[in-house]
Amino acid sequence: MSPRHTTCQTSQPDQVFTELKELREMVVEQRVELRNMVVEQRVELRNMVVEQRVELRNMVVEQRVELRNMVVDQRVELSITKTELQFYKNKVEPMQMNALVALCHFCELHGPRTLFCTEALHPPSPTPSQAGAPIPGDRESDREGEGLTMRANSSATQRGDMCEGCRSLPASHPGFVSVDSETGIRFLSHQHPRQPQLFSVVRQACVRSLSCEVCPGREGPIFFGDEQHGFVFSHTFFIKDSLARGFQRWYSIVMVAMDRIYLINSWPFLLRHLRLTIQSLQSTALKVFDSEQCVCPQRAVRMNSVFSPAVFPHQRSGNAARSLPSLTQHTNLWASLHSSFSWLLKACGSRLTEKLLEGAPTEDTLVLIERQTEQEEEMSCWEGAEGGGSRPPCHQSESELYRDFLFDEGKAEGYPGPKFRSLRHLRQVLGTTDFRQLAWHVLMGNQVILRGADPGLIHSAFTMLKALLPVGCVRSVTYSAQYEEAYRCNFLGLSPDVPIPTHVSSSEFSVLVDVVSLERGSLYSAACGEDILSLYQFNISSTNSQPTDKGPTLLNKIEVALSNENLSVDVVSHCLLCLKEEWMNKVKVLFKFSKVDGRGREDTQKVLALLGATGPGEEDNVRLLKFWMTGLSKTYKSHLMTAVRGGERPLSQ
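Predicted model, so just to flag it, every value in this text is computed and none were measured.

Details of the overall build of the protein
In terms of regular secondary structure, the protein is built from 21 helices and twelve strands. Per-residue burial for the protein yields a buried fraction of 39% across its 653 residues. Sequence-distant contacts in the protein: of pairs separated by 6 or more residues, those separated by 24 or more amount to 70%. Accessible surface, the protein as shown: approximately 38500 Å² in total, 55% of it carbon and sulfur.

Dropping the structure here:
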């Protein structure tokens, strides 16, 4: 064999080995590709299964919610239908009761008892088919029916043990009826309520007012009740009796209503007028008590006699319980109480009315309501101290309250001479630069002092400037003969001869506007009429060198609205209200974030950036927001504090 032939034979195995290696690599690659494909398909299938499971779960949850809502709606409809069927089946009149007043007495022999009760019956509202048709039965027949019903109630109670002290009107008495000619409401009085449902409610209120629900000292007002048995305003008191244990008997006047807010809001009114009734009863009973003691002193008789609990009632000539008319020597006592209770129900119902508000009340409305409530409480305190009669409070609408706040009940109209008609008019008279400086001081909370001889002009200027601030930030003394400190008022009007203290004139937190009268002839003044510039000159002075081109963002927006002559005065007024409400919302956010939640300076700076208070005029914006915080209502602040104590603070954080 030649060497060349040997070389060819040795190269063939190498070629086979190379081909096998390539085949092996191809098989490995195909296996890897197949494995990756299988893994991808498994992942896709798994995702599809998960998505289908989530969709099925959501569908099941939605179906459950829909079924639950359907079941709840059906239950509500069934309960309403069942209630209506039961109502028509039993033919019971609905309890149309705003409130009910009752006089209760703690008898020494029988315990708490109801003596006298006055309730209000509203006229039935006619159905559309009965519109224009007379109501069946005249007034006389209604009175007879009411008398029969009350006699039945009284006779049912008569079967129990009742003494003279537990009884007010005999069973044969038809009771007292008064009709309000304006509303058609009838006020019925008898010993017990007309309806059986009310009898148990009044009975429970009577027992609780004279047993467990007692205020300190046992005499005075107290409030108790629940949703099921009604809410009760009770006032307990003592009546002098020479034959009673301790020479006095225990009584209470209760007002029962199902509306808790109604009773709580009526607390000052009820307390003031019930005390007048109670004081009248106590004074007349005290006179009778003194006269009986002068004739026969019972204290000496009891000390000289042998005391025995078993015969104690008989030792008092059998009068263990005396009626209230005998204690007061008032023959028409029950008729007088009927008149008093009927007036109380009528006046208490008419003084509180419901009003539909478009949205939540604004901060200005809340502050005005709080101020009106404080004024009414102060007036009632003065009236109680002077012993004079009371005047029913006047409740105004939101627009009336705000108008009275701006114009101070029309005081400016009583002054002669020219007046500012609008904020734009004030800007035109003062000039753009001086008005901006004055408005800046107003928005920053500095004291604005107007000094001049025309109180009507000063009053009208303050009226216009008040519109720049929330109601809670305004403290004004319209015209005074002496200087008032800044903590008392930020709007101060002074007569021209009043000097300004040095610490005020040198302070940067105040601005003085001197209204100087121009010495012109009377003919010239008459010809000018209402031209303020021809009659007065305004000199503004302040140590604060605030640049006129800077200021809070709110002031810039107000300037834009006032300078736009295409906008009417009413449009500018509404625009100003919207701007104030916008910034009051920012004040609420900042107050909640910084004061209530107690966040740090860095977090507060972030909130200011979100509120749009940073950038140009940031210092003035922050100062404005802090000053306007003082104008938040007590209602809003107490609500936030209550919410934080109630556990809402972690949620806000």
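Don't stop here, the text continues.
Observations concerning helix H12 (residues 423–430)
In terms of residue burial, H12 counts as a mostly covered element, since seven of its eight residues are buried. Within H12 the residues assigned to the buried category are Leu423, Arg424, His425, Leu426, Arg427, Val429 and Leu430. For H12, the elements touching its buried residues are helix H13 (432–444), helix H14 (455–466), strand S12 (536–541), helix H17 (553–563) and helix H18 (569–596). After H12 finishes, the residue Gly431 shows a positive phi value of roughly 100°.

Some points on the nonpolar core
The nonpolar side chains of a soluble globular protein tend to be buried, and buried together. Of all hydrophobic cores here, the largest spans 58 residues; its most connected members are Phe420, Leu443, Val448, Leu468, Leu469, Phe538 and Trp628. Once residues within four sequence positions are removed from consideration, Leu469 is found in contact with Val442, Leu443, Val474, Asn490, Phe491, Lys580, Phe627 and Trp628. Formed by 37 residues, the second largest nonpolar core is a distinct cluster that contains Phe116, Ile185, Leu270 and Leu337.

Details of the packing of aromatic side chains
Going through the model one piece at a time under the given rule, you end up with eleven aromatic pairs. Measuring from centroid to centroid gives 5.5 Å for Phe462 and Phe491, while their planes differ by 65°, and the two rings are edge-to-face. Taken together, the residues span a long stretch of sequence, with Phe462 in helix H14 and Phe491 in strand S10 (residues 491–494) at a distance of 29 residues. Phe491 shares its class with Phe462; the two are buried. Three or more aromatic residues joined by ring pairs make a cluster, and in this case those are Phe116, Phe176, Trp334 and Phe341. For the cation-ring pair, Lys240 lies above Phe289, with the distance from its terminal atom to the ring centre recorded as 5.4 Å. The side chain of Lys586 reaches across the aromatic face of Trp583, ending 4.1 Å from its centre.

Some thoughts on the side chain of His338
By the element assignment, His338 lies in helix H9 (residues 333–351). Setting aside chain neighbours within four positions, we find His338 in contact with Phe116, Thr118, Phe176, Val177, Ser178, Phe187 and Ser189.

Looking at the packing of H18 against helix H19 (residues 601–610)
Put simply, H18 and H19 touch, their axes get as near as 10 Å, and they point 170° apart. On the basis of their axis angle, the class for H18 and H19 is roughly antiparallel. Contact residues: H18 offers Val589, Leu590, Phe593 and Ser594, while H19 offers Asp603, Thr604, Val607 and Leu608. By residue class, the composition of the contact of H18 with H19 is five nonpolar, two polar and one charged.

Let's talk about the pattern of salt bridges
Overall, the coordinates contain nine salt bridges when judged by the stated rule. Close ionic contact of Arg249 with Asp241 constitutes a salt bridge, the shortest N to O distance being 2.5 Å. The exposure classification of Arg249 matches that of Asp241, with both residues buried. It is possible to trace a salt-bridge network through shared partners that takes in Asp180, Glu182 and Lys346.

So, the sheet that holds strand S6 (residues 230–240)
Ordered by their spatial adjacency, seven strands build an open sheet running S3-S4-S2-S1-S7-S6-S5, and the pairing between neighbours is antiparallel. What marks the edges here is a single partner per strand, and that holds for strand S3 (176–179) and strand S5 (220–226). Averaged over all pairs of adjacent strands, the angle between strand axes in this sheet comes to 20°, irrespective of strand direction. Sheet topology places strand S2 (residues 111–121) next to strand S4 (residues 186–190); five bridges connect them, and they run antiparallel. Bridge assignment links Ala120 to a residue of S4, and that residue is Phe187. Set on the sheet, helix H3 (residues 196–209) makes contact with strand S1 (100–107), S2, S5, S6 and strand S7 (248–257); between it and S2 the angle comes to about 135°. Taken strand by strand, H9 contacts S1, S2, S3, S4 and S7, and its axis lies near 55° from that of S2.

Some points on the state of the cysteines
Summed over the entire model, instances satisfying the criterion amount to zero disulfides. Cys117 forms no disulfide, and the closest cysteine sulfur to it belongs to Cys104, at a distance of 8.6 Å.

Quick look at unusual backbone geometry
The phi dihedral of Gln329 is positive, around 55°, even though this residue is not glycine. A relative accessible area of 56% places Gln329 in the exposed class.

A closer look at the confidence of the model for the protein
Predicted confidence across the protein gives a mean pLDDT of 76, with 74% of residues reaching 70 or more. Segment residues 127–159: pLDDT under 50, and 30 contacts once partners within four positions in sequence are set aside and those in other chains are kept. Predicted confidence is poor over residues 387–395, with pLDDT under 50, and the contacts of this stretch with residues over four places away or in other chains come to 14 contacts.

Some words on the environment of Met255
With respect to the helices and strands, the residue Met255 is situated in strand S7. Residue classification places Met255 among the buried residues on the basis of a relative accessible area of 1%. In the structure, Met255 is positioned 155 residues away from Leu100 in sequence and 5.4 Å away in space, judged by C-alpha atoms.

Section: the pairing of S1
Counting buried residues along S1, seven of its eight residues qualify, which places the element largely inside the surrounding structure. Linking S1 back to S2 in an antiparallel pair, the connection comprises three residues.

Observations concerning H19
Along an α-helix, residues three or four apart share an orientation, since each turn contains 3.6 residues. Every buried residue belonging to H19 is among Thr604, Val607 and Leu608, and all of these are buried. Projection of H19 onto a plane perpendicular to its axis shows the buried side chains occupying an angular sector of 100°, all on one side. H19 presents Glu602, Lys606 and Leu610 as exposed residues on the side facing more than 90 degrees away from its buried surface. Tucked into the core, H19 has its buried residues touching H18 and helix H20 (618–629). With its phi angle positive at about 75°, Gly612 sits one or two positions after the end of H19.

Cut-offs applied
Residues numbered from 1 in each chain as written. Predicted model: local features only at pLDDT ≥ 70, side-chain atom pairs only at ≥ 80, totals over all residues. Heavy atoms only, no water. Helix = DSSP H or I, 4+ residues; strand = E, 2+ residues; numbered from the N terminus. Buried < 20%, exposed > 50% of the residue type's maximum accessible area, 1.4 Å probe, protein only. Contact = heavy atoms within 4.5 Å. Areas by Shrake-Rupley, 256 points an atom, 1.4 Å probe, with all protein chains shown as cover. Core = buried A, V, L, I, M, F, W, Y, C linked by side-chain atoms within 4.5 Å. Phe/Tyr/Trp six-rings, centres within 6.5 Å; stacked < 30°, edge-to-face > 60°. Lys NZ or Arg CZ within 6 Å of the ring centre and 35° of its normal. Axes fitted to C-alpha atoms, helices over the stretch in contact; angles between N-to-C directions. Parallel < 35°, antiparallel > 145°, perpendicular 65-115°, else oblique. Nonpolar A, V, L, I, M, F, W, Y, C, P; charged D, E, K, R; others polar. Salt bridge = Lys/Arg side-chain N within 4 Å of Asp/Glu carboxyl O. Pairing = 2+ DSSP bridges. Disulfide = S-S within 2.5 Å. pLDDT = per-residue confidence, 0-100. Arc of directions from axis to C-beta.

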